[in-house]
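Structure at a glance
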Amino acid sequence: MAKKSKNPAETEHSANGLTYPDYRVPPGVGVDLSSVDAGQSEGYTRKKDVLGELETQRRRIQDLQGKLYAENKQGLLIVLQAMDTGGKDGTIKHVFSGVNPQGCRVSSFKAPNPEERNHDFLWRYHKSTPAVGRIGIFNRSHYEDVLVVRVKNLVPEEVWRPRFELINNFEYNLTRSNISVIKFYLHISKDEQKRRLESRLADPEKRWKFSSNDIKERAYWDAYQEAFEETIGETSTEYAPWYVVPANKKWYRNLVIARAIADTLEEIDPKFPPAEEGLENATIPD
Ligand code: ATP
Ligand code: MG
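Throughout what follows, the structure given in this document is the object of discussion. (Residues numbered from 1 in each chain as written. Chains lettered and ligands numbered in written order. Predicted model: local features only at pLDDT ≥ 70, side-chain atom pairs only at ≥ 80, totals over all residues. Heavy atoms only, no water.)

Looking at the packing of helix 7 (residues 163–176) against helix 10 (residues 221–235)
Quick reminder of the rule: Axis lines are fitted through C-alpha atoms, for helices just across the contact stretch, and the angle between N-to-C directions can take any value from 0 to 180 degrees. Helix and strand assignments follow DSSP, with helices taken as H or I runs no shorter than four residues and strands as E runs no shorter than two, numbered in order from the N terminus. For classification, angles of less than 35 degrees are called roughly parallel, those exceeding 145 degrees roughly antiparallel, those between 65 and 115 degrees roughly perpendicular, and all remaining angles oblique. If you view the pair so one helix is near and one far, a crossing is left-handed when the near helix is turned anticlockwise from the far one by less than a right angle, and right-handed when it is turned clockwise. What makes two residues a contact is simply this: any of their non-hydrogen atoms within 4.5 Å. Under the convention adopted here, Pro, Cys and the residues Ala, Val, Leu, Ile, Met, Phe, Trp and Tyr are nonpolar, Asp, Glu, Lys and Arg are charged, and Gly plus all remaining residues are polar.
At their nearest, the axes of helix 7 and helix 10 sit 9 Å apart, and the two run at 45 degrees to each other. In terms of orientation, helix 7 lies oblique with respect to helix 10. Like other packed secondary-structure pairs, helix 7 and helix 10 cross with a definite hand, here right-handed. Across the interface between the two elements, Phe164, Ile167, Asn168 and Glu171 from helix 7 touch Glu230, Thr231, Glu234 and Thr235 from helix 10. Of the residues that constitute the contact of helix 7 with helix 10, the class distribution is two nonpolar, three polar and three charged.

Okay, structure coming up:
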């Protein structure tokens, strides 16, 4: 089960209710995103200030993943959600570089296809959850079904609202099956989104990422923020916590997420399985 930050003595509650410096949302606490500074970075000012620690955290993740895989008894599901340009892809690239691909799978979710729409909303996500021994990363997730679906009025409120409880039950079910769940909301400011969209437009190597749909979606900024706030408040639980990660500075975002994942893996505490008995006397024949 995902647990709190490793060293509670170092964890304080900041004014907006998040624990600091891990930015975890305690259960039952509403989150006011407008009060969370997306540009904060613990006093670090430059990328190179954190590169050493980021590397340390990545190594922790790699070592612990090796044990998780060998043990084959517990798994981890990591959910990434954000506004457009929030940095889900960049996080996957930078935090998981060096992780053994054999034990890790990224699942990205777009608008559901007709077959998926003909099933209950969790069906397509459940199929992609990690098995024991594995880490699964959801690039967008079941949370779209209470976010975009709500903001764009794709289903009525009496359909999406009960999903908070269904999602909590789904995640509880996973944790009961030894799959821990942690969820990150990559928090960027509206100004930062503008800068990122402009840079995607201006840079020929980034233009492929630009979608005119991003401009349309930006008009719903406030509605999305409200939907995220309520969603995070309703679904940050003891067993499947949300983290609201300040994400204007990409290097700080990577550090915060890498730390939280490494700490969670450490809580899971995977162990190499015992060796076969009698190996002390084993010799390898010529
Ligand atoms: P991203 O923007 O995450 O980097 P992308 O640019 O590759 O991914 P898009 O097509 O922009 O892909 O994003 C996927 C789209 O699918 C988003 O607009 C998202 O809101 C939508 N989507 C995802 N899940 C659902 C869902 N359950 N119902 C409706 N729309 C969904
Ligand atoms: Mg997109």
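Digging into the pattern of salt bridges
We apply this condition: One speaks of a salt bridge when a side-chain nitrogen belonging to Lys or Arg is within 4 Å of a carboxyl oxygen belonging to Asp or Glu. The cut-offs for exposure are 20% and 50% of the maximum accessible area for each residue type, with area from a 1.4 Å probe on protein chains only; residues under the lower value are buried, those over the upper are exposed, and the others partly exposed.
Considering all chains together, one arrives at 22 salt bridges under this definition. Measuring nitrogen to oxygen at the nearest pair gives 3.1 Å for the salt bridge that ties Asp84 to Arg140. Taken together, the residues Asp84 in the loop between strand 3 (75–82) and helix 2 (88–95) and Arg140 in the loop between strand 5 (135–139) and helix 5 (148–151) connect sequence positions 56 residues apart. With relative accessibility at 15%, the residue Asp84 sits in the buried group. Three or more residues are tied together by salt bridges with common partners; here these are Arg150, Glu157, Arg161 and Glu230.

Notes on the site of ligand 1
Note the following rule: Here a residue is considered near a molecule or strand provided that any single heavy atom belonging to it is located within 4 Å of it. Contacts described as polar in this section are N or O atom pairs within 3.5 Å, which, within protein, must combine one atom able to donate a hydrogen with one able to accept it, while residues neighboring in sequence count only if both atoms come from side chains.
By nearness alone, 15 residues border ligand 1, and Lys88, Lys110, Ala111, Arg140 and Glu144 come closest of all. Arg140 is positioned such that a nitrogen or oxygen atom in its side chain is 2.9 Å from an oxygen atom of ligand 1. One of the side-chain N or O atoms of Asp145 is found 3.3 Å from a nitrogen atom in ligand 1. Those elements giving two or more residues to the shell around ligand 1 turn out to be helix 2, helix 4 (123–126) and helix 5. By residue class, the composition of the shell around ligand 1 is seven nonpolar, no polar and eight charged.

Details of the nonpolar core
We count it as follows: Joining through side-chain atoms within 4.5 Å is the link that ties buried Ala, Val, Leu, Ile, Met, Phe, Trp, Tyr and Cys residues into a set, and such a set is a nonpolar core.
Ranked by internal contacts, the top residues of the largest apolar core, which has 71 residues, are Ile78, Phe184, Val244, Ile261 and Leu265. Among the elements that take part in this core, helix 11 (residues 250–268) stands out by supplying 11 residues, more than any other. If we skip the residues at most four places from it in the chain, Phe184 touches Ile78, Val79, Leu80, Gln81, Trp242, Tyr243, Val245, Ile257, Ala260 and Ile261.

Here we look at the packing of helix 2 against helix 11
The interhelical angle for the contact between helix 2 and helix 11, taken along N-to-C directions, is 60 degrees, at an axis separation of 10 Å. The angle between helix 2 and helix 11 falls in the class oblique. Considering how the two elements wind past one another, helix 2 and helix 11 form a crossing that is right-handed. Residues Gly90, Thr91, His94 and Val95 of helix 2 lie in contact with helix 11, whose contacting residues are Arg253, Asn254, Ile257, Ala258 and Ile261.

Observations regarding the side chain of Gln57
Mapped onto the fold, Gln57 is located in helix 1 (residues 47–71). For Gln57, a relative accessible area of 8% translates into the label buried. At 2.7 Å, the side chain of Gln57 forms a polar contact with the side chain of Arg60. Not counting chain neighbours up to four residues away, the residues in contact with Gln57 comprise Leu255, Ala258, Arg259 and Ala262.

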